[in-house]
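# Understanding the architecture of this molecule
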Amino acid sequence: MRSVRVGGASGDRGVSDALGFVLIFAIIVSTVAVVYVGGYDALTGARDAQQFANTERAFDVLDSNVDDLAVRGAPSRTTEVLLSDGALGFGEEVTFNVTTADSGYYEVTTSPLVYRADDGDRLVYSNGALFREYGDRAVLFGEPRVSAGERTLVPLVVTRAASREISTDGTRRLLVRTDVASRDVERFTTATNLTVESPRAAAWERYLEGELGANCDGPAEGQTDRVECALGDDVYVQAVFVDVELS
């Protein structure tokens, strides 16, 4: 009869196998968790960036449609905007004031259309200008139609809220209807200034200085939310008043 000796080796091997399994399982779970968290954040960021880009293109279309009203005489236009998050509504009022040396003036107040993304970034349509806003910084990416030369043209697209802000928590098709309420034209033949009171005054200052070829007084000179520029002595103001309804 053969005798079999049983030592401690097989028990040690069992403990080692169990410990190895636990370690491998822990590594797999940790890897999946890291990939999930990192990948989820990356996908969320990509989704938000794509949504912002899609809304930016919709604002380009809106700008073109409002140009149809202001320049080509169309009575109304409707722009479709697809949102999966954020809110579309109206922002802080902006004032444009044309004044002359002989006490003449023309002043309007407009309500900009604003898209507010969930991360705080914004897109703004204001008097024919398109802005991207990141925190307190505004960047102009669609220029208005101010033009300077022997005569200076100041177009004023005065948008007015005809409905309330719309928020979304899922994909939704929104319609922005713009209707012309009235039109007006004024001419000034003495020394004329343009004053813009806006939270985006710094961006307006950069644009107007480049377009008019003149130095303006604005945030770069210490003013807050205000810029003033000299226009010359032959200025046309063309104003179109537009009711904006969101649905």
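Up top is the structure these notes are about.
Computed from a prediction, not measured in an experiment: that's the story for all the values here.

### Regarding the state of the cysteines
Considering all chains together, one arrives at 1 disulfide under this definition. Disulfide pairing is shown between Cys-216 and Cys-229; the S-S distance is 2.0 Å. Its S-S torsion of approximately 115° makes the covalent link between Cys-216 and Cys-229 right-handed. With Cys-216 in the loop between helix H2 (201-212) and strand E13 (226-232) and Cys-229 in strand E13, the pair connects residues that are 13 residues apart, well separated along the chain. Across this residue pair, the class does not change: Cys-216 and Cys-229 are buried.

### With respect to unusual backbone geometry
The phi dihedral of Asn-127 is positive, around 50°, even though this residue is not glycine. As for its placement among the helices and strands, Asn-127 is situated in the loop between strand E6 (122-126) and strand E7 (129-134). The class of Asn-127 is buried, set by a relative accessible area of 5%. Backbone geometry places Asp-225, a non-glycine residue, at a positive phi of 55°. Tracing the backbone through its elements, the reader meets Asp-225 in the loop between H2 and E13.

### Overview of the pattern of salt bridges
Counted according to the given criterion, the structure contains 13 salt bridges. For the salt bridge of Glu-56 with Arg-132, the shortest nitrogen-to-oxygen distance reads 2.8 Å. Of this pair, Glu-56 sits in helix H1 (residues 9-70) while Arg-132 sits in strand E7; the two residues are 76 residues apart in sequence, bridging distant segments of the chain. For Asp-67, the salt bridge goes to Arg-145, with nearest N and O atoms at 3.7 Å. Residue Asp-67 is found in helix H1, and its partner Arg-145 is found in the loop between strand E8 (137-142) and strand E9 (152-161); the two are separated by 78 residues along the sequence. According to the relative accessible area criterion, Asp-67 is partly exposed, its value standing at 22%. On the basis of relative accessible area, Arg-145 is assigned to the partly exposed category, the value being 28%. Connected through shared salt-bridge partners, Asp-68, Arg-72 and Arg-77 make up one network.

Conventions and cut-offs
Residues numbered from 1 in each chain as written. Predicted model: local features only at pLDDT ≥ 70, side-chain atom pairs only at ≥ 80, totals over all residues. Heavy atoms only, no water. Disulfide = S-S within 2.5 Å. Helix = DSSP H or I, 4+ residues; strand = E, 2+ residues; numbered from the N terminus. Buried < 20%, exposed > 50% of the residue type's maximum accessible area, 1.4 Å probe, protein only. Salt bridge = Lys/Arg side-chain N within 4 Å of Asp/Glu carboxyl O.

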